[in-house]
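Breakdown of the fold
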Amino acid sequence: MIQDDTRDDLKNFASLVDALSPWLEQMVIIGGWAHRLYRLHHFAQPLDYEPLATFDTDVAVPVELPRRGEDIRERLVANGFTEELLGETRPPAIHYRLIAGGTGFYAEFLTPLVGSANKGGKRDATASIAGVSAQKLRHLELLLATPWQVEIGPATGFPTAGSYQVQIPNPAAFLAQKILIHERREPGDRAKDLLYLHDTIEVFGSALPELQKLWRESVRPLLSAKAVRSVEAAPKTLFGEVTNAAREAARMAAGRNISSAQLLETCEVGLSTILS
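The following paragraphs examine the structure supplied in this document. Since the model is a prediction, treat every value here as computed from it, not as a measurement.

Rules of the game
- Residues numbered from 1 in each chain as written.
- Predicted model: local features only at pLDDT ≥ 70, side-chain atom pairs only at ≥ 80, totals over all residues.
- Heavy atoms only, no water.
- Helix = DSSP H or I, 4+ residues; strand = E, 2+ residues; numbered from the N terminus.
- Rg over C-alpha atoms; globule rule 2.2 N^0.38 Å.
- Buried < 20%, exposed > 50% of the residue type's maximum accessible area, 1.4 Å probe, protein only.
- Contact = heavy atoms within 4.5 Å.
- Areas by Shrake-Rupley, 256 points an atom, 1.4 Å probe, with all protein chains shown as cover.
- Lys, Arg positive; Asp, Glu negative; His and termini not counted.
- Charge placed at Lys NZ, Arg CZ, Asp CG, Glu CD.
- Salt bridge = Lys/Arg side-chain N within 4 Å of Asp/Glu carboxyl O.
- Polar contact = N/O pair within 3.5 Å; in protein donor to acceptor, adjacent residues only side chain to side chain.
- Axes fitted to C-alpha atoms, helices over the stretch in contact; angles between N-to-C directions.
- Parallel < 35°, antiparallel > 145°, perpendicular 65-115°, else oblique.
- Nonpolar A, V, L, I, M, F, W, Y, C, P; charged D, E, K, R; others polar.

Right, let's get into the overall build of the protein chain. From N to C terminus, the protein chain includes ten helices and eleven strands. Here the C-alpha radius of gyration of the protein chain, 18 Å, is about what a compact globule of 276 residues would show, namely 19 Å. Along the first, second and third principal axes, the C-alpha set of the protein chain runs to 50 × 50 × 35 Å. In the protein chain, which comprises 276 residues, the proportion classed as buried is 52%. For the protein chain, the share of sequence-separated contacts (at least 6 apart) that also reach a separation of at least 24 residues comes to 71%. Roughly 12800 Å² of accessible area belongs to the protein chain as shown, and the carbon and sulfur atoms make up 49% of that amount. Of note, the protein chain has its 29 positive side-chain charges centred 6 Å away from the centre of its 34 negative side-chain charges.

What follows is the structure in structure tokens.
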């Protein structure tokens, strides 16, 4: 069970899971909430600090997703979510924000970007999938492949209507995708991603051979030769020297008394083991 004081967060996430329950076998919870849910997996080891909190939930969906009677948008609206349109893409990017509580909690849907990012002279940024607008992102297919499952329900601290198996990325895919998108991220997001990488390695520190097996058998075969080289070089290229992103990541690890050098060392040693 996730042990923290963020009961509203758990309630808000439970509302989202209830709304998405007909599609949970096809969806994967990614981003910050995946990082939090790793604590529920049987390979996870207890840590003496809480996972990073986040207001938003990123949900990865395949390019094609069947309707289940209602579409996803209808289910979200029926469970207390409203749409917030962003930007001028067609279809528009949308945040699906929970109305109750005024907490700022929202979900956004993401799907793999296949081929060029520009089609017909326009940016190919979004797609309409089962009634919701999903943003297209590079390398997202890694997170949809060979996901893990964790139980979400009252037994694990989530006040859902029932008990569900929720899919999360396997950690080797999570780490590889974070590495591959690192240079495209905004500076603040790069720092957060470094901390996600560090904390994921610590959560599964006693199961690194399992992550190594996942990398070799499930993740590496999905990548191009160029992408494999980028990921396998990361222990040196991303963690070989202290950067502003590393300094900011250490500052974000509030209350842990960890230096940027210590953070990088954990990432370098852990990734070197996983990717060997």
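Quick look at the side chain of Asp 56 now. Position of Asp 56 relative to the elements: it lies in strand E2 (residues 56-60). The buried charged residue Asp 56 lacks any salt bridge partner; its closest oppositely charged side chain belongs to Lys 192, at an N-O distance of 5.9 Å. Within the local environment of Asp 56, its side chain forms a polar contact with the side chain of Thr 54, the two groups lying 2.6 Å apart.

With that out of the way, let us pick up the packing of helix H5 (residues 171-181) against helix H7 (residues 208-219). Helix packing geometry: the angle between the two helix axes and the distance between the axes. Across the interface, H5 lies against H7 with an axial gap of 8 Å and an inter-helix angle of 75 degrees. When the axis of H5 is compared with that of H7, the two are roughly perpendicular. Touching Pro 171, Ala 172, Ala 173, Leu 175 and Ala 176 of H5 are Leu 211, Leu 214, Trp 215 and Val 219, all from H7. For the contact of H5 with H7, the per-class residue count stands at nine nonpolar, no polar and no charged.

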